[in-house]
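Structural overview
Chain residues, written in single-letter form:
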Amino acid sequence: MRRLLMFVVLLTAQLQIQAQTALSYEQARQAVLTAEEELMTGGHTHLNTEEEKVDDIFMEYKLGELAQGFRNAEQNAAALHFFKAKPLIDRSAIFRFLQKMPKGSVLHVHNTASVSSKWVVDDLSYMPGLLRCTTATGQSILSFRRTPKEHKCQSQYVLVSDERRNSLDRQVYDRNFERLINLYTPVPELEYPTITRVWDRFQGMFDGLSDALIYLPAFRAYHWQMLEELYNDNVMYTEIRTSFKTLYDASGRTFPRERTIHELYALNQKFMKLHPDFLGFKVIMAVYRGYELDHLKDIVEVFKKLHQALPHFLVGFDLVGQEDKGKPLYSLLPVLRDLPPTARLFLHGGETNWFGASTDINLLDALLMNTTRIGHGYALAKHPILLNAVKSRRIAVELSPISNQVLHLVWDLRNHPGSQFFALDVPVVICNDDPGFWNAKGLSYDFYYAIMSLAPNNAGLRLLKTLVWNSVRYSTLTEEEQTRAFKILELSWSRFIDDVLEGSVF
Ligand SMILES: *[C@@H]1O[C@H](CO)[C@@H](O)[C@H](O)[C@H]1NC(C)=O
Ligand SMILES: [Zn+2]
(Lines give C-alpha, C1' and ligand atoms only; values in the text may rest on other atoms or scores of the structure.)
(Ligands and ions follow the chains in the order given, each with its own letter.)
Protein backbone atom coordinates (compact mmCIF):
# COMPACT_ATOMS: atom_id res chain seq x y z
CA MET A 1 0.00 0.00 0.00
CA ARG A 2 2.92 2.27 0.70
CA ARG A 3 3.94 1.79 -2.90
CA LEU A 4 0.47 2.75 -4.01
CA LEU A 5 0.44 5.94 -1.95
CA MET A 6 3.82 6.88 -3.24
CA PHE A 7 2.58 6.35 -6.74
CA VAL A 8 -0.40 8.62 -6.26
CA VAL A 9 1.87 11.33 -4.90
CA LEU A 10 4.28 10.88 -7.75
CA LEU A 11 1.55 10.85 -10.32
CA THR A 12 -0.02 13.99 -8.96
CA ALA A 13 3.37 15.67 -8.95
CA GLN A 14 4.05 14.44 -12.43
CA LEU A 15 0.78 15.74 -13.77
CA GLN A 16 1.41 19.10 -12.13
CA ILE A 17 4.84 19.28 -13.67
CA GLN A 18 3.38 18.30 -16.99
CA ALA A 19 0.75 20.95 -16.67
CA GLN A 20 3.37 23.53 -15.75
CA THR A 21 5.78 22.53 -18.47
CA ALA A 22 2.88 22.00 -20.83
CA LEU A 23 3.79 18.41 -21.57
CA SER A 24 1.40 16.85 -23.92
CA TYR A 25 -1.96 15.44 -22.97
CA GLU A 26 -0.88 12.20 -24.67
CA GLN A 27 2.15 11.89 -22.41
CA ALA A 28 0.09 12.30 -19.26
CA ARG A 29 -2.42 9.84 -20.57
CA GLN A 30 0.23 7.27 -21.35
CA ALA A 31 1.87 7.79 -17.96
CA VAL A 32 -1.30 6.77 -16.16
CA LEU A 33 -1.92 3.74 -18.34
CA THR A 34 1.64 2.53 -17.91
CA ALA A 35 1.61 3.16 -14.18
CA GLU A 36 -1.59 1.15 -13.73
CA GLU A 37 -0.19 -1.67 -15.76
CA GLU A 38 2.93 -1.76 -13.65
CA LEU A 39 0.98 -1.60 -10.41
CA MET A 40 -1.12 -4.64 -11.13
CA THR A 41 -0.39 -8.27 -10.37
CA GLY A 42 2.41 -9.43 -12.65
CA GLY A 43 3.33 -5.88 -13.57
CA HIS A 44 6.90 -6.49 -12.54
CA THR A 45 7.16 -10.13 -13.53
CA HIS A 46 10.10 -10.64 -15.81
CA LEU A 47 9.66 -12.54 -19.06
CA ASN A 48 12.61 -13.85 -21.06
CA THR A 49 12.78 -13.56 -24.84
CA GLU A 50 10.97 -16.85 -25.45
CA GLU A 51 8.26 -15.96 -22.97
CA GLU A 52 7.83 -12.57 -24.63
CA LYS A 53 7.23 -14.33 -27.91
CA VAL A 54 4.70 -16.65 -26.31
CA ASP A 55 3.02 -13.65 -24.74
CA ASP A 56 2.68 -12.06 -28.20
CA ILE A 57 1.08 -15.20 -29.59
CA PHE A 58 -1.17 -15.56 -26.56
CA MET A 59 -2.30 -11.94 -26.82
CA GLU A 60 -3.13 -12.33 -30.47
CA TYR A 61 -5.49 -15.18 -29.66
CA LYS A 62 -6.85 -13.53 -26.54
CA LEU A 63 -7.66 -10.23 -28.23
CA GLY A 64 -9.13 -12.12 -31.16
CA GLU A 65 -11.42 -14.08 -28.90
CA LEU A 66 -12.45 -10.99 -26.94
CA ALA A 67 -13.14 -9.08 -30.15
CA GLN A 68 -15.34 -11.89 -31.36
CA GLY A 69 -17.24 -11.79 -28.06
CA PHE A 70 -17.56 -8.03 -28.35
CA ARG A 71 -19.13 -8.36 -31.78
CA ASN A 72 -21.43 -11.17 -30.73
CA ALA A 73 -22.61 -10.92 -27.11
CA GLU A 74 -24.37 -14.29 -27.28
CA GLN A 75 -21.05 -15.98 -27.96
CA ASN A 76 -19.05 -13.98 -25.43
CA ALA A 77 -17.92 -16.77 -23.11
CA ALA A 78 -16.10 -14.34 -20.80
CA ALA A 79 -19.41 -12.70 -19.88
CA LEU A 80 -21.61 -15.80 -19.84
CA HIS A 81 -22.61 -18.14 -17.06
CA PHE A 82 -20.35 -21.19 -17.11
CA PHE A 83 -23.25 -23.54 -17.90
CA LYS A 84 -23.86 -21.58 -21.10
CA ALA A 85 -20.23 -20.81 -21.86
CA LYS A 86 -18.72 -24.27 -21.44
CA PRO A 87 -19.23 -25.46 -25.05
CA LEU A 88 -17.64 -22.20 -26.25
CA ILE A 89 -14.74 -22.49 -23.81
CA ASP A 90 -14.15 -26.09 -24.87
CA ARG A 91 -13.61 -24.84 -28.43
CA SER A 92 -11.42 -21.89 -27.41
CA ALA A 93 -7.74 -21.77 -28.33
CA ILE A 94 -7.06 -19.85 -25.12
CA PHE A 95 -8.57 -22.70 -23.16
CA ARG A 96 -6.35 -25.24 -24.92
CA PHE A 97 -3.36 -23.07 -24.03
CA LEU A 98 -4.46 -22.92 -20.39
CA GLN A 99 -5.01 -26.66 -20.22
CA LYS A 100 -1.48 -27.32 -21.38
CA MET A 101 0.02 -24.61 -19.21
CA PRO A 102 1.58 -25.88 -15.95
CA LYS A 103 -0.70 -24.35 -13.33
CA GLY A 104 1.18 -25.05 -10.12
CA SER A 105 -1.16 -25.89 -7.24
CA VAL A 106 -4.81 -25.82 -6.31
CA LEU A 107 -5.00 -24.44 -2.79
CA HIS A 108 -8.77 -24.48 -2.27
CA VAL A 109 -10.72 -27.58 -3.22
CA HIS A 110 -13.18 -29.72 -1.26
CA ASN A 111 -12.38 -33.37 -1.72
CA THR A 112 -15.94 -34.73 -1.97
CA ALA A 113 -16.84 -32.35 -4.81
CA SER A 114 -13.52 -32.45 -6.60
CA VAL A 115 -14.05 -35.23 -9.16
CA SER A 116 -15.92 -34.75 -12.42
CA SER A 117 -19.51 -35.96 -12.36
CA LYS A 118 -18.88 -38.04 -15.45
CA TRP A 119 -16.45 -40.23 -13.52
CA VAL A 120 -18.86 -40.57 -10.62
CA VAL A 121 -21.55 -41.79 -13.02
CA ASP A 122 -19.36 -43.97 -15.22
CA ASP A 123 -17.31 -45.53 -12.44
CA LEU A 124 -18.54 -45.01 -8.92
CA SER A 125 -22.22 -45.55 -9.70
CA TYR A 126 -21.29 -48.89 -11.35
CA MET A 127 -19.47 -50.17 -8.25
CA PRO A 128 -21.30 -53.27 -6.99
CA GLY A 129 -23.42 -52.70 -3.93
CA LEU A 130 -24.30 -49.03 -4.38
CA LEU A 131 -27.68 -48.28 -2.82
CA ARG A 132 -30.02 -45.32 -3.17
CA CYS A 133 -32.94 -44.12 -1.10
CA THR A 134 -35.06 -40.97 -0.97
CA THR A 135 -35.69 -38.68 1.99
CA ALA A 136 -39.01 -37.04 2.81
CA THR A 137 -37.87 -33.92 0.95
CA GLY A 138 -37.05 -35.92 -2.19
CA GLN A 139 -33.31 -35.89 -1.66
CA SER A 140 -31.43 -38.99 -2.85
CA ILE A 141 -28.98 -40.58 -0.43
CA LEU A 142 -26.29 -42.92 -1.75
CA SER A 143 -24.58 -45.55 0.37
CA PHE A 144 -22.79 -48.88 0.26
CA ARG A 145 -23.82 -49.85 3.81
CA ARG A 146 -25.88 -53.00 3.82
CA THR A 147 -27.32 -52.04 7.14
CA PRO A 148 -27.38 -48.26 7.14
CA LYS A 149 -26.85 -46.98 10.65
CA GLU A 150 -28.71 -43.72 10.29
CA HIS A 151 -31.50 -44.35 7.86
CA LYS A 152 -32.67 -40.84 7.06
CA CYS A 153 -34.80 -42.01 4.18
CA GLN A 154 -38.50 -42.40 3.74
CA SER A 155 -38.10 -45.03 1.04
CA GLN A 156 -36.29 -48.36 1.27
CA TYR A 157 -32.77 -48.64 -0.07
CA VAL A 158 -32.64 -50.04 -3.60
CA LEU A 159 -29.61 -51.19 -5.54
CA VAL A 160 -28.60 -48.68 -8.19
CA SER A 161 -27.73 -51.63 -10.45
CA ASP A 162 -31.30 -52.94 -10.13
CA GLU A 163 -32.80 -49.54 -10.82
CA ARG A 164 -30.62 -49.15 -13.85
CA ARG A 165 -31.45 -52.60 -15.19
CA ASN A 166 -35.16 -52.02 -14.71
CA SER A 167 -35.12 -48.59 -16.29
CA LEU A 168 -36.34 -48.16 -19.84
CA ASP A 169 -33.14 -46.60 -21.01
CA ARG A 170 -29.82 -46.96 -19.27
CA GLN A 171 -28.45 -43.73 -20.69
CA VAL A 172 -31.45 -41.80 -19.46
CA TYR A 173 -30.98 -43.40 -16.06
CA ASP A 174 -27.34 -42.36 -15.98
CA ARG A 175 -28.18 -38.84 -17.08
CA ASN A 176 -30.67 -38.52 -14.26
CA PHE A 177 -28.20 -40.01 -11.84
CA GLU A 178 -25.67 -37.37 -12.84
CA ARG A 179 -28.12 -34.67 -11.79
CA LEU A 180 -27.71 -35.89 -8.21
CA ILE A 181 -24.12 -34.68 -8.22
CA ASN A 182 -24.03 -31.93 -10.84
CA LEU A 183 -25.82 -28.57 -10.71
CA TYR A 184 -25.71 -28.18 -14.47
CA THR A 185 -28.82 -26.86 -16.20
CA PRO A 186 -29.09 -25.01 -19.51
CA VAL A 187 -31.17 -22.37 -17.70
CA PRO A 188 -29.50 -21.57 -14.36
CA GLU A 189 -31.40 -18.26 -14.19
CA LEU A 190 -34.69 -20.19 -14.07
CA GLU A 191 -33.65 -23.18 -12.03
CA TYR A 192 -31.71 -21.17 -9.45
CA PRO A 193 -33.42 -17.80 -9.14
CA THR A 194 -31.97 -17.20 -5.67
CA ILE A 195 -28.80 -17.94 -3.72
CA THR A 196 -30.79 -20.11 -1.31
CA ARG A 197 -32.13 -22.31 -4.09
CA VAL A 198 -28.72 -23.09 -5.48
CA TRP A 199 -27.08 -23.51 -2.06
CA ASP A 200 -29.81 -25.92 -0.90
CA ARG A 201 -29.28 -28.09 -3.91
CA PHE A 202 -25.50 -27.78 -3.61
CA GLN A 203 -25.53 -28.73 0.08
CA GLY A 204 -27.86 -31.60 -0.79
CA MET A 205 -25.25 -33.00 -3.16
CA PHE A 206 -22.70 -33.23 -0.37
CA ASP A 207 -25.29 -34.90 1.85
CA GLY A 208 -26.38 -37.30 -0.87
CA LEU A 209 -22.91 -38.44 -1.84
CA SER A 210 -20.97 -38.36 1.42
CA ASP A 211 -21.86 -41.81 2.79
CA ALA A 212 -21.01 -43.51 -0.50
CA LEU A 213 -17.60 -41.87 -0.56
CA ILE A 214 -16.53 -43.19 2.84
CA TYR A 215 -16.98 -46.78 1.72
CA LEU A 216 -13.32 -47.81 1.70
CA PRO A 217 -13.04 -49.04 -1.93
CA ALA A 218 -14.99 -46.00 -3.17
CA PHE A 219 -12.90 -43.67 -1.00
CA ARG A 220 -9.70 -44.98 -2.56
CA ALA A 221 -10.98 -44.92 -6.13
CA TYR A 222 -12.49 -41.45 -5.76
CA HIS A 223 -9.39 -39.81 -4.32
CA TRP A 224 -7.18 -41.50 -6.86
CA GLN A 225 -9.37 -40.06 -9.58
CA MET A 226 -9.20 -36.62 -7.90
CA LEU A 227 -5.42 -36.70 -8.23
CA GLU A 228 -5.58 -38.06 -11.80
CA GLU A 229 -7.85 -35.22 -12.91
CA LEU A 230 -5.62 -32.57 -11.37
CA TYR A 231 -2.47 -34.17 -12.69
CA ASN A 232 -3.90 -34.49 -16.19
CA ASP A 233 -4.85 -30.82 -16.07
CA ASN A 234 -1.19 -29.97 -15.40
CA VAL A 235 -1.58 -29.24 -11.71
CA MET A 236 1.43 -30.35 -9.66
CA TYR A 237 0.22 -30.15 -6.07
CA THR A 238 -2.91 -29.50 -4.04
CA GLU A 239 -4.17 -28.76 -0.52
CA ILE A 240 -7.55 -30.38 -0.03
CA ARG A 241 -10.23 -29.53 2.51
CA THR A 242 -11.83 -32.60 4.04
CA SER A 243 -13.88 -33.51 7.09
CA PHE A 244 -12.31 -36.90 8.00
CA LYS A 245 -15.42 -38.97 8.34
CA THR A 246 -14.96 -42.55 9.54
CA LEU A 247 -14.67 -45.19 6.81
CA TYR A 248 -16.54 -48.49 6.54
CA ASP A 249 -16.05 -51.61 4.43
CA ALA A 250 -18.18 -54.23 2.72
CA SER A 251 -18.53 -56.32 5.87
CA GLY A 252 -20.02 -53.33 7.67
CA ARG A 253 -16.92 -52.76 9.79
CA THR A 254 -16.12 -49.14 10.61
CA PHE A 255 -12.67 -47.71 11.26
CA PRO A 256 -11.39 -44.97 13.56
CA ARG A 257 -10.63 -41.59 12.01
CA GLU A 258 -6.91 -42.29 12.15
CA ARG A 259 -7.56 -44.79 9.39
CA THR A 260 -9.06 -42.10 7.16
CA ILE A 261 -5.99 -39.91 7.31
CA HIS A 262 -3.67 -42.86 6.87
CA GLU A 263 -5.59 -43.97 3.80
CA LEU A 264 -5.10 -40.50 2.33
CA TYR A 265 -1.46 -40.51 3.32
CA ALA A 266 -0.82 -43.90 1.70
CA LEU A 267 -2.70 -42.89 -1.44
CA ASN A 268 -0.58 -39.77 -1.67
CA GLN A 269 2.66 -41.74 -1.38
CA LYS A 270 1.53 -44.20 -4.01
CA PHE A 271 0.47 -41.51 -6.45
CA MET A 272 3.69 -39.54 -6.06
CA LYS A 273 5.75 -42.68 -6.63
CA LEU A 274 3.93 -43.24 -9.89
CA HIS A 275 4.24 -39.58 -10.91
CA PRO A 276 7.63 -38.25 -9.74
CA ASP A 277 6.84 -34.72 -11.01
CA PHE A 278 3.73 -34.51 -8.82
CA LEU A 279 4.24 -33.19 -5.30
CA GLY A 280 1.15 -34.78 -3.85
CA PHE A 281 -1.27 -33.11 -1.51
CA LYS A 282 -1.69 -31.87 2.03
CA VAL A 283 -4.86 -31.74 4.03
CA ILE A 284 -6.90 -29.05 5.76
CA MET A 285 -9.59 -30.26 8.12
CA ALA A 286 -12.83 -28.52 7.16
CA VAL A 287 -15.76 -28.70 9.55
CA TYR A 288 -19.38 -27.66 9.13
CA ARG A 289 -19.72 -24.18 10.66
CA GLY A 290 -23.30 -24.78 11.74
CA TYR A 291 -22.47 -27.42 14.39
CA GLU A 292 -23.10 -26.73 18.07
CA LEU A 293 -20.10 -25.34 19.92
CA ASP A 294 -19.69 -28.48 22.04
CA HIS A 295 -19.65 -30.69 18.99
CA LEU A 296 -17.09 -28.43 17.34
CA LYS A 297 -14.92 -28.65 20.44
CA ASP A 298 -15.00 -32.45 20.23
CA ILE A 299 -13.92 -32.23 16.61
CA VAL A 300 -11.04 -29.96 17.55
CA GLU A 301 -9.89 -32.65 19.98
CA VAL A 302 -9.90 -35.13 17.11
CA PHE A 303 -8.04 -32.63 14.98
CA LYS A 304 -5.36 -32.20 17.63
CA LYS A 305 -4.69 -35.92 17.75
CA LEU A 306 -4.50 -36.31 13.99
CA HIS A 307 -2.45 -33.16 13.54
CA GLN A 308 0.03 -34.21 16.18
CA ALA A 309 0.58 -37.52 14.40
CA LEU A 310 1.07 -35.96 10.95
CA PRO A 311 1.70 -32.21 11.37
CA HIS A 312 3.16 -31.75 7.88
CA PHE A 313 0.33 -33.61 6.21
CA LEU A 314 -2.67 -32.31 8.15
CA VAL A 315 -1.63 -28.69 8.16
CA GLY A 316 -4.63 -26.77 9.37
CA PHE A 317 -8.28 -26.07 9.99
CA ASP A 318 -11.25 -24.41 8.30
CA LEU A 319 -15.02 -24.04 8.66
CA VAL A 320 -17.43 -24.68 5.78
CA GLY A 321 -21.08 -24.31 4.80
CA GLN A 322 -23.05 -21.34 3.47
CA GLU A 323 -21.55 -18.37 5.31
CA ASP A 324 -24.72 -16.30 5.18
CA LYS A 325 -26.49 -18.95 7.26
CA GLY A 326 -23.89 -18.80 10.06
CA LYS A 327 -22.32 -19.28 12.33
CA PRO A 328 -20.09 -16.23 12.13
CA LEU A 329 -16.45 -16.76 12.99
CA TYR A 330 -16.77 -14.37 15.91
CA SER A 331 -19.09 -16.80 17.69
CA LEU A 332 -16.65 -19.63 17.05
CA LEU A 333 -13.57 -17.95 18.51
CA PRO A 334 -13.51 -20.23 21.60
CA VAL A 335 -13.13 -23.18 19.25
CA LEU A 336 -10.53 -21.58 16.98
CA ARG A 337 -8.46 -20.33 19.90
CA ASP A 338 -8.16 -23.86 21.20
CA LEU A 339 -6.24 -25.07 18.17
CA PRO A 340 -2.57 -25.95 18.71
CA PRO A 341 -0.06 -23.26 17.69
CA THR A 342 1.39 -25.43 14.92
CA ALA A 343 -2.00 -25.66 13.23
CA ARG A 344 -2.73 -22.98 10.68
CA LEU A 345 -6.06 -21.50 9.73
CA PHE A 346 -7.36 -21.40 6.18
CA LEU A 347 -10.67 -19.69 6.76
CA HIS A 348 -13.45 -19.13 4.27
CA GLY A 349 -14.33 -15.45 4.61
CA GLY A 350 -16.52 -12.88 2.92
CA GLU A 351 -18.22 -15.32 0.51
CA THR A 352 -21.19 -13.00 0.45
CA ASN A 353 -22.89 -10.08 -1.24
CA TRP A 354 -23.92 -8.55 2.09
CA PHE A 355 -21.97 -5.51 3.19
CA GLY A 356 -21.59 -5.09 6.94
CA ALA A 357 -23.42 -8.32 7.80
CA SER A 358 -21.82 -10.89 10.10
CA THR A 359 -20.73 -12.94 7.09
CA ASP A 360 -18.91 -10.01 5.69
CA ILE A 361 -17.29 -9.26 9.07
CA ASN A 362 -15.92 -12.83 9.05
CA LEU A 363 -13.09 -11.34 7.03
CA LEU A 364 -12.05 -9.20 9.98
CA ASP A 365 -12.07 -12.12 12.40
CA ALA A 366 -10.21 -14.32 9.93
CA LEU A 367 -7.46 -11.71 9.78
CA LEU A 368 -7.39 -11.11 13.51
CA MET A 369 -7.04 -14.88 13.92
CA ASN A 370 -4.01 -14.74 11.61
CA THR A 371 -5.47 -16.88 8.88
CA THR A 372 -2.78 -18.17 6.50
CA ARG A 373 -4.96 -17.66 3.43
CA ILE A 374 -8.54 -16.54 2.86
CA GLY A 375 -11.13 -18.70 1.13
CA HIS A 376 -12.91 -16.54 -1.49
CA GLY A 377 -12.54 -13.14 0.22
CA TYR A 378 -15.24 -12.02 -2.18
CA ALA A 379 -16.28 -9.08 0.02
CA LEU A 380 -12.72 -7.94 0.67
CA ALA A 381 -12.78 -5.05 -1.81
CA LYS A 382 -15.36 -3.33 0.41
CA HIS A 383 -12.94 -3.15 3.36
CA PRO A 384 -9.94 -0.94 2.62
CA ILE A 385 -8.21 -1.61 5.94
CA LEU A 386 -8.57 -5.36 5.61
CA LEU A 387 -7.51 -5.23 1.98
CA ASN A 388 -4.46 -3.31 3.06
CA ALA A 389 -3.64 -5.88 5.73
CA VAL A 390 -4.03 -8.75 3.28
CA LYS A 391 -1.62 -7.05 0.93
CA SER A 392 1.02 -6.03 3.40
CA ARG A 393 0.92 -9.34 5.28
CA ARG A 394 0.96 -11.28 2.01
CA ILE A 395 -2.13 -13.34 2.83
CA ALA A 396 -3.29 -14.97 -0.36
CA VAL A 397 -6.91 -14.79 -1.45
CA GLU A 398 -8.14 -18.13 -2.78
CA LEU A 399 -10.18 -16.98 -5.72
CA SER A 400 -12.69 -19.37 -7.30
CA PRO A 401 -14.48 -17.53 -10.13
CA ILE A 402 -16.85 -20.27 -11.29
CA SER A 403 -17.83 -21.11 -7.73
CA ASN A 404 -18.80 -17.50 -7.05
CA GLN A 405 -20.83 -17.43 -10.23
CA VAL A 406 -22.63 -20.75 -9.85
CA LEU A 407 -23.29 -20.07 -6.17
CA HIS A 408 -24.99 -16.83 -7.07
CA LEU A 409 -22.67 -14.01 -6.02
CA VAL A 410 -22.12 -12.64 -9.52
CA TRP A 411 -23.49 -13.40 -12.98
CA ASP A 412 -21.05 -11.69 -15.32
CA LEU A 413 -17.54 -12.52 -14.10
CA ARG A 414 -16.18 -9.27 -15.52
CA ASN A 415 -17.87 -7.79 -12.42
CA HIS A 416 -15.99 -10.09 -10.04
CA PRO A 417 -14.03 -8.20 -7.34
CA GLY A 418 -11.00 -10.24 -8.37
CA SER A 419 -10.50 -7.51 -10.98
CA GLN A 420 -9.75 -5.08 -8.16
CA PHE A 421 -7.44 -7.59 -6.51
CA PHE A 422 -5.47 -7.85 -9.74
CA ALA A 423 -5.43 -4.09 -10.23
CA LEU A 424 -4.15 -3.49 -6.69
CA ASP A 425 -1.77 -6.46 -6.71
CA VAL A 426 -3.47 -8.27 -3.84
CA PRO A 427 -1.92 -11.75 -3.59
CA VAL A 428 -4.27 -14.13 -5.39
CA VAL A 429 -4.29 -17.84 -6.15
CA ILE A 430 -6.77 -19.33 -8.63
CA CYS A 431 -8.78 -22.26 -7.23
CA ASN A 432 -11.64 -24.51 -8.31
CA ASP A 433 -13.51 -25.13 -5.01
CA ASP A 434 -15.98 -27.86 -6.10
CA PRO A 435 -15.48 -28.44 -9.83
CA GLY A 436 -17.28 -31.80 -9.95
CA PHE A 437 -20.54 -30.30 -8.72
CA TRP A 438 -20.77 -27.73 -11.51
CA ASN A 439 -19.78 -29.58 -14.62
CA ALA A 440 -16.13 -28.52 -14.54
CA LYS A 441 -12.98 -30.58 -14.30
CA GLY A 442 -9.52 -29.64 -13.10
CA LEU A 443 -8.46 -26.00 -12.82
CA SER A 444 -8.30 -24.71 -16.41
CA TYR A 445 -11.90 -23.47 -16.59
CA ASP A 446 -11.30 -21.17 -13.62
CA PHE A 447 -8.09 -19.94 -15.23
CA TYR A 448 -10.05 -19.17 -18.37
CA TYR A 449 -12.36 -16.79 -16.50
CA ALA A 450 -9.44 -15.36 -14.52
CA ILE A 451 -7.57 -14.26 -17.63
CA MET A 452 -10.55 -13.57 -19.93
CA SER A 453 -13.04 -11.95 -17.52
CA LEU A 454 -11.32 -10.77 -14.34
CA ALA A 455 -8.07 -9.56 -15.89
CA PRO A 456 -7.87 -6.49 -18.11
CA ASN A 457 -7.85 -7.10 -21.86
CA ASN A 458 -4.14 -6.52 -22.21
CA ALA A 459 -3.06 -8.92 -19.42
CA GLY A 460 -1.25 -11.97 -20.70
CA LEU A 461 1.59 -14.23 -19.72
CA ARG A 462 2.95 -11.93 -16.96
CA LEU A 463 -0.24 -12.28 -15.00
CA LEU A 464 -0.62 -15.99 -15.73
CA LYS A 465 2.93 -16.71 -14.67
CA THR A 466 2.52 -14.71 -11.47
CA LEU A 467 -0.65 -16.61 -10.59
CA VAL A 468 1.05 -19.93 -11.20
CA TRP A 469 4.08 -18.97 -9.12
CA ASN A 470 1.79 -17.60 -6.41
CA SER A 471 0.16 -21.00 -6.10
CA VAL A 472 3.45 -22.47 -4.94
CA ARG A 473 4.64 -19.47 -2.93
CA TYR A 474 1.43 -19.31 -0.88
CA SER A 475 1.17 -23.05 -0.33
CA THR A 476 2.16 -24.70 2.93
CA LEU A 477 4.95 -26.61 1.24
CA THR A 478 8.00 -26.32 3.48
CA GLU A 479 10.95 -24.27 2.28
CA GLU A 480 12.70 -27.41 1.12
CA GLU A 481 9.60 -28.68 -0.65
CA GLN A 482 9.07 -25.30 -2.30
CA THR A 483 12.60 -25.29 -3.65
CA ARG A 484 11.93 -28.63 -5.26
CA ALA A 485 8.51 -27.49 -6.44
CA PHE A 486 9.95 -24.42 -8.16
CA LYS A 487 12.64 -26.53 -9.79
CA ILE A 488 10.02 -28.86 -11.26
CA LEU A 489 7.82 -25.93 -12.22
CA GLU A 490 10.65 -24.06 -13.99
CA LEU A 491 11.34 -27.17 -16.01
CA SER A 492 7.76 -27.91 -17.02
CA TRP A 493 7.16 -24.21 -17.69
CA SER A 494 10.10 -23.86 -20.06
CA ARG A 495 9.05 -27.07 -21.80
CA PHE A 496 5.59 -25.55 -22.19
CA ILE A 497 7.06 -22.33 -23.60
CA ASP A 498 9.02 -24.38 -26.13
CA ASP A 499 5.89 -26.31 -27.09
CA VAL A 500 4.03 -23.08 -27.78
CA LEU A 501 6.88 -21.74 -29.92
CA GLU A 502 7.03 -25.02 -31.83
CA GLY A 503 3.35 -24.58 -32.62
CA SER A 504 2.09 -27.64 -30.78
CA VAL A 505 -0.23 -25.76 -28.42
CA PHE A 506 -2.24 -23.39 -30.61
C1 LIG B 1 -1.62 -12.86 15.33
O2 LIG B 1 -0.31 -12.43 15.05
C3 LIG B 1 0.08 -11.29 15.79
C4 LIG B 1 1.43 -10.81 15.28
O5 LIG B 1 2.31 -11.88 15.17
C6 LIG B 1 0.07 -11.62 17.27
O7 LIG B 1 0.43 -10.50 18.04
C8 LIG B 1 -1.32 -12.09 17.67
O9 LIG B 1 -1.35 -12.51 19.00
C10 LIG B 1 -1.81 -13.21 16.79
N11 LIG B 1 -3.19 -13.49 17.07
C12 LIG B 1 -3.68 -14.71 17.30
C13 LIG B 1 -5.13 -14.77 17.62
O14 LIG B 1 -3.00 -15.70 17.28
ZN1 LIG C 1 -14.77 -23.62 -0.39
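Residues numbered from 1 in each chain as written. Chains lettered and ligands numbered in written order. Predicted model: local features only at pLDDT ≥ 70, side-chain atom pairs only at ≥ 80, totals over all residues. Heavy atoms only, no water.

Looking at an unreviewed UniProt entry, one finds the protein named Adenosine deaminase, with Drosophila melanogaster as its source organism. UniProt's Catalytic activity (unreviewed entry) comment on the protein is quoted here verbatim: "adenosine + H2O + H(+) = inosine + NH4(+)". On record in UniProt, under Sequence similarities (unreviewed entry), the comment for the protein is "Belongs to the metallo-dependent hydrolases superfamily. Adenosine and AMP deaminases family. ADGF subfamily." (UniProt positions renumbered as here; feature names shortened; annotations may be inferred.)

Those donors, His 108 (NE2), His 110 (NE2), His 348 (NE2) and Asp 433 (OD), are the protein atoms that reach the zinc ion (ligand 2), and they lie 2.1 to 2.4 Å from it. Between the four donor atoms coordinating the zinc ion (ligand 2), the angles at the centre fall across 82 to 168°, so the site counts as irregular. When the donor residues of the zinc ion (ligand 2) are listed from N- to C-terminus, their spacing reads H-x1-H-x237-H-x84-D. (Donors = N, O, S within 2.8 Å, 3.2 Å for Na, K, Ca; no water. Tetrahedral: all angles 85-135°; square planar, octahedral: opposite > 155°, others 65-115°.)

This next bit is on the sheet that holds strand E6 (residues 281–288). Ordered by their spatial adjacency, eight strands build an open sheet running E1-E5-E6-E7-E8-E9-E10-E11, and the pairing between neighbours is parallel. Looking at which strands have only one partner, the edges of the open sheet turn out to be strand E1 (105–110) and strand E11 (428–430). Here the strands of the sheet are splayed against their neighbours by 25° on average, with no regard to which way each runs. Pairing between strand E8 (residues 344–349) and strand E9 (residues 373–376): four bridges, direction parallel. (Pairing = 2+ DSSP bridges. Helix = DSSP H or I, 4+ residues; strand = E, 2+ residues; numbered from the N terminus. Axes fitted to C-alpha atoms, helices over the stretch in contact; angles between N-to-C directions.)

Right, let's talk about the side chain of His 110 for a bit. Along the polypeptide, His 110 turns up in strand E1. You can call His 110 buried: its relative accessible area is 10%. Setting aside residues up to four positions removed in sequence, His 110 forms contacts with Arg 241, Val 320, His 348, Asp 433 and Asp 434. (Buried < 20%, exposed > 50% of the residue type's maximum accessible area, 1.4 Å probe, protein only. Contact = heavy atoms within 4.5 Å.)

With that settled, the discussion passes to the pattern of salt bridges. Across all of its chains, the model carries 25 salt bridges by this definition. The salt bridge partner of Asp 174 is Arg 164, with a shortest N-O separation of 2.9 Å. With Asp 174 in helix H8 (residues 170–178) and Arg 164 in helix H7 (residues 160–166), this pair connects stretches of sequence that are 10 residues apart. The buried category is assigned to Arg 164, whose relative accessible area is 6%. It is possible to trace a salt-bridge network through shared partners that takes in Glu 239, Arg 241, Asp 318, Arg 373 and Glu 398. (Salt bridge = Lys/Arg side-chain N within 4 Å of Asp/Glu carboxyl O.)

Another point: the domain arrangement of the protein. Taken domain by domain, the protein comprises domain 1 (94–116 + 197–493) and domain 2 (120–195). On a C-alpha basis, the centroid separation for the pair domain 1 and domain 2 is 26 Å. Facing 34 residues of domain 1, the contacting portion of domain 2 comprises 25 residues. Together, Arg 197, Arg 201 and His 408 form the three largest contributors to the area buried by domain 1 at its contact with domain 2, with a combined 23%. For the pair domain 1 and domain 2, the interface holds two salt bridges. At the boundary of domain 1 with domain 2, the tally comes to 19 residue pairs in polar contact (both at pLDDT 80 or more). The set of elements that each furnish at least two residues to the side of domain 1 that touches domain 2 consists of helix H10 (195–213) and helix H11 (216–232). Top element by residues in the side of domain 1 that touches domain 2 is H10. It accounts for 13 residues. Residue classes in the side of domain 1 that touches domain 2 are distributed as 21 nonpolar, eight polar and five charged. (Domains from an automatic or database assignment. Buried area = accessible area lost by both parts, 1.4 Å probe. Polar contact = N/O pair within 3.5 Å; in protein donor to acceptor, adjacent residues only side chain to side chain. Nonpolar A, V, L, I, M, F, W, Y, C, P; charged D, E, K, R; others polar.)

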